[in-house]
Structure formats: C-alpha cells, structure tokens
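Okay, here's what each chain looks like letter by letter:
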Amino acid sequence: TIFSHLLCKVKVEARLANDKVEQKIIESVTLTNIYTKGDYVAGEWTKQSEPMNYVYPQPGETSPSPTITMTDKANTVIFPETMFLPQRLTREVITDRPKISIKLQGNETPIERYLYNDEILNSLSVWNQGKSITYVITIGNEEAVIDFAADVGGWEEGSPNIVPVQ
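None of the values given here were measured: they were computed from a predicted structure. (Residues numbered from 1 in each chain as written. Predicted model: local features only at pLDDT ≥ 70, side-chain atom pairs only at ≥ 80, totals over all residues. Heavy atoms only, no water.)

Could you clarify how one ought to interpret the pairing of strand 9 (residues 99-104) in this entry?
It is a general feature of regular strands that their side chains alternate between the two faces of the sheet. Here strand 2 (residues 24-34) runs beside strand 9; their pairing, made up of 6 bridges, is antiparallel. If you follow Thr30 over to strand 9, its bridge partner there is Ser101. As paired strands, strand 9 and strand 10 (residues 111-114) are joined by 4 bridges and run antiparallel to one another. Residue pairing in the sheet places Ile102 in a bridge with Ile111 of strand 10. Counting the residues between successive antiparallel strands, the hairpin from strand 9 to strand 10 contains 6 residues, one of them, Gly106, with a positive phi of roughly 90 degrees. (Pairing = 2+ DSSP bridges. Helix = DSSP H or I, 4+ residues; strand = E, 2+ residues; numbered from the N terminus.)

I tried to follow the nonpolar core on my own but got confused; where do I start?
A general feature of soluble globular proteins is that nonpolar side chains tend to end up buried together. Counting 28 residues, the largest nonpolar core has Ile26, Ile78, Ile100, Ile102, Leu115, Trp127 and Tyr135 as its most contacted members. At the level of elements, strand 1 (8-16), strand 2, strand 6 (68-70), strand 7 (76-84), strand 9 and strand 12 (131-139) are the ones that each hand at least two residues to this core. For this core, the element with the most residues is strand 1, which contributes 5 residues. Not counting the four nearest positions on each side in its chain, Ile78 is found in contact with Val12, Glu13, Ala14, Ile26, Val29, Tyr56, Ile68, Met70 and Ile102. (Core = buried A, V, L, I, M, F, W, Y, C linked by side-chain atoms within 4.5 Å. Buried < 20%, exposed > 50% of the residue type's maximum accessible area, 1.4 Å probe, protein only. Contact = heavy atoms within 4.5 Å.)

This is the structure in structure tokens:
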C-alpha cells in the first residue's frame, strides 16, 4: 500500500542568537490567517476558506499559563507538529497573509513576521500536501528576529506527486 498524505505538517522551532542571551520565555506562539476548510476535487485543493488563528501553548485554566523556556542556542520546539490544509502563503485580497506572532514574557508587543516574505530569497510561498515544514527562528538580545528560515522536507511514502494548490 502506498501512502501519501493530503495535508501538510508544520512545526516552528526557535533558538537564541548567541551565548550572551541567558534565556527567553515564550508565552505564546500564534499562527494567524490559516485556512481551515477546503475541497479536494480531482486531485487538487480548491475553495480554501475560513481562516483561523492557532495559538500554542493553549492558555490554561490554571494560573500561570504554560510557557516555553529557551536557554541555549539549541533549537526548541515552540509550536508542535500540526496538520494543516495545503495553502498558499501569498494572499490575494480575500484575507490577510498568514503570519506568526511570538509573545515573549515581559514584552508588550509580540514579534511578528509574515510566513511568506517576498523580500527574502527562497521564502516559502506555499504549504504543499505531503510535505513537512519546519520554521526556525533565531531570536537576538533585543527581542529582534535575526533569522527566519523554512526547511521543507518529504513526508510521504511512495509517489512523490505534489497536488497543486489553487
């Protein structure tokens, strides 16, 4: 039996830029304007709709809410592997482009970046089916994002056919 997934797997990791940063505590990570519905017809995803926001970790009923602590330059998972509909990250007029927001403890304003940035060479413009995508964000001393990169890997067995997203 050949298995090829119709969804896309996305994960976000972060790391500290250097040893001068002792630690950063992340209160939440939000993926904004992510399509949640679509039709799979004749081998293609169409009619994506109903964009939603996904927050991790989910605010708890207990106080304080869960947090994620980064303590060194090693990658730390800040948004776990999650299945999403394949979709374009370059938005037309229908909705705003998808973005990521990282809320650091002690900062009023979250760090925000679009998931697709046409000013960055090789910026990922689509989440294709059957792919595993890992975003790696490097955070510096001043809560600034120093580097924001996406790595696309296979997540399929059998046929490497990619279903186009319209």
